[in-house]
Amino acid sequence: MSAAAKPLDGIATKPLEGAAARDLPQGTAPARAGREGGPPRHIGIIMDGNGRWATARGLPRALGHKAGAEAVRRTIEAAAKAGIGWLTLFAFSSENWQRPAEEVRDLTGLMRMYLRSEVATLAREGIRLRVIGERERFGAETAQAITAAEAATAQGTRLNLNVAVSYGGRAEIVAAAQQIARRVAAGTLDAEKVDMAEFAGQLSTAGMPDPDLIIRTSGEQRLSNFLLWQSAYAEFVFQDVLWPDYGAPHLAEAIAEFSRRERRYGLRVA
């Protein structure tokens, strides 16, 4: 199985505590439809607009990404205060490797700096960090730093923070299908017993609840290969704000919009 499809260690076996204990099993829809009233259990955010933010100010794109990192800090804090159990941030897509080499260096350097400077704060605040995606593509040193950061924050129960790097939803689904095919061919899995739960267990988000709400900033309205399988029943909120300007008021606005939605899951609401 590729790194993008490897289930994260400890998630499926360690009991969830705190805010995460409210979550439903992955791959299942809630048992009832209609207005739920509470905040979403799991929010995914496509952080878009760093480059446009910098260009509008006559700044290099690298400074836009740096300002975006500050928005990450604000959003994590706001999500924790709002009682959100899970937050997944789309930081670097598998397609981002095709950007100019200088910008890729800036992005990867910023990620390494974040790992060095923020892990202690995350651990102190009870925030558990997990990274999904092909971490090996960033090199052995960065991959080791990611693993160390996950271990340092493993006891956090206030907020589960997932950061998607070198991640692509289509590749994740293909890798999961390949892993299942290998198990069937080896005779360790009966093809007739492959169901949605079995398939979801091969994804990089194995053991996590599916997102209830997907937010995209900058006014764009597309998924861009983010959590394609997991977002089957998610609500979408598109906000016309560039990511470096994002903060607690914008997150609160998205959560309020979510709370107004009537979620049916294919059912009829009486």
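Here the structure is a predicted model, which means the values were calculated and not measured. (Residues numbered from 1 in each chain as written. Predicted model: local features only at pLDDT ≥ 70, side-chain atom pairs only at ≥ 80, totals over all residues. Heavy atoms only, no water.)

1. Concerning the layout of surface pockets
Picture a little ball the size of a water molecule; that probe, rolled over the atoms, points out where space is still empty. Of the pockets and cavities examined, the largest pocket occupies roughly 890 Å³. Elements that contribute at least two residues to the lining of the largest pocket include exactly helix 1 (50-56), helix 2 (61-81), strand 2 (86-93), helix 3 (101-124), strand 3 (127-132) and strand 4 (159-167). Tallied by class, the residues present in the lining of the largest pocket amount to 22 nonpolar, nine polar and seven charged. (1 Å grid on protein atoms, 1.4 Å probe; cavity = no way out; pocket = protein on both sides within 12 Å on 5 of 7 lines; lining within 4 Å. Points joined across faces, edges and corners; volume = space filled by probe spheres on them. Helix = DSSP H or I, 4+ residues; strand = E, 2+ residues; numbered from the N terminus. Nonpolar A, V, L, I, M, F, W, Y, C, P; charged D, E, K, R; others polar.)

2. So, the sheet that holds strand 4
Reading across the sheet, the six strands line up as 3-4-2-1-5-6 and stay open at both edges, with parallel pairing between neighbours. Single-partner strands in this sheet number two, and they are strand 3 and strand 6 (235-238). Looking at each pair of strands side by side, their axes are set apart by 20 degrees on average, direction ignored. Bridge count for strand 5 (residues 213-216) against strand 6 is four bridges, and the pairing is parallel. For R216, the partnering residue across the bridge sits in strand 6 and is F238. Sheet strands in contact with helix 7 (residues 248-260) are strand 1 (42-46), strand 5 and strand 6, and its direction is about 140 degrees off that of strand 5. (Pairing = 2+ DSSP bridges. Axes fitted to C-alpha atoms, helices over the stretch in contact; angles between N-to-C directions. Contact = heavy atoms within 4.5 Å.)

3. Things to note about the packing of aromatic side chains
Evaluated as defined, the whole model comprises nine aromatic pairs. Between F92 and F138, the ring centres sit 5.5 Å apart and the planes meet at 65 degrees, which makes this aromatic pair edge-to-face. Of this pair, F92 sits in strand 2 while F138 sits in the loop between strand 3 and helix 4 (140-152), and the two are 46 residues apart along the sequence. Pair check on accessibility: F92 and F138 agree, each one buried. Through a chain of ring-to-ring contacts, the aromatic side chains of F90, Y167 and F226 assemble into a single cluster. (Phe/Tyr/Trp six-rings, centres within 6.5 Å; stacked < 30°, edge-to-face > 60°. Buried < 20%, exposed > 50% of the residue type's maximum accessible area, 1.4 Å probe, protein only.)

4. Some words on the pairing of strand 4
In terms of burial, strand 4 is a largely internal element, nine of the nine residues being buried. Here strand 3 runs beside strand 4; their pairing, made up of six bridges, is parallel. If you follow R128 over to strand 4, its bridge partner there is N160.

5. Observations regarding the confidence of the model for the chain
Confidence along the chain averages 87 in pLDDT terms, with 84% of residues attaining 70 or more. Note on residues 1-25: pLDDT under 50 across the span, and 59 contacts to partners over four residues away in sequence or across chains. Under a pLDDT of 50 for its full length, residues 28-35 has, in the predicted model, 19 contacts with residues more than four places off or in other chains. (pLDDT = per-residue confidence, 0-100.)

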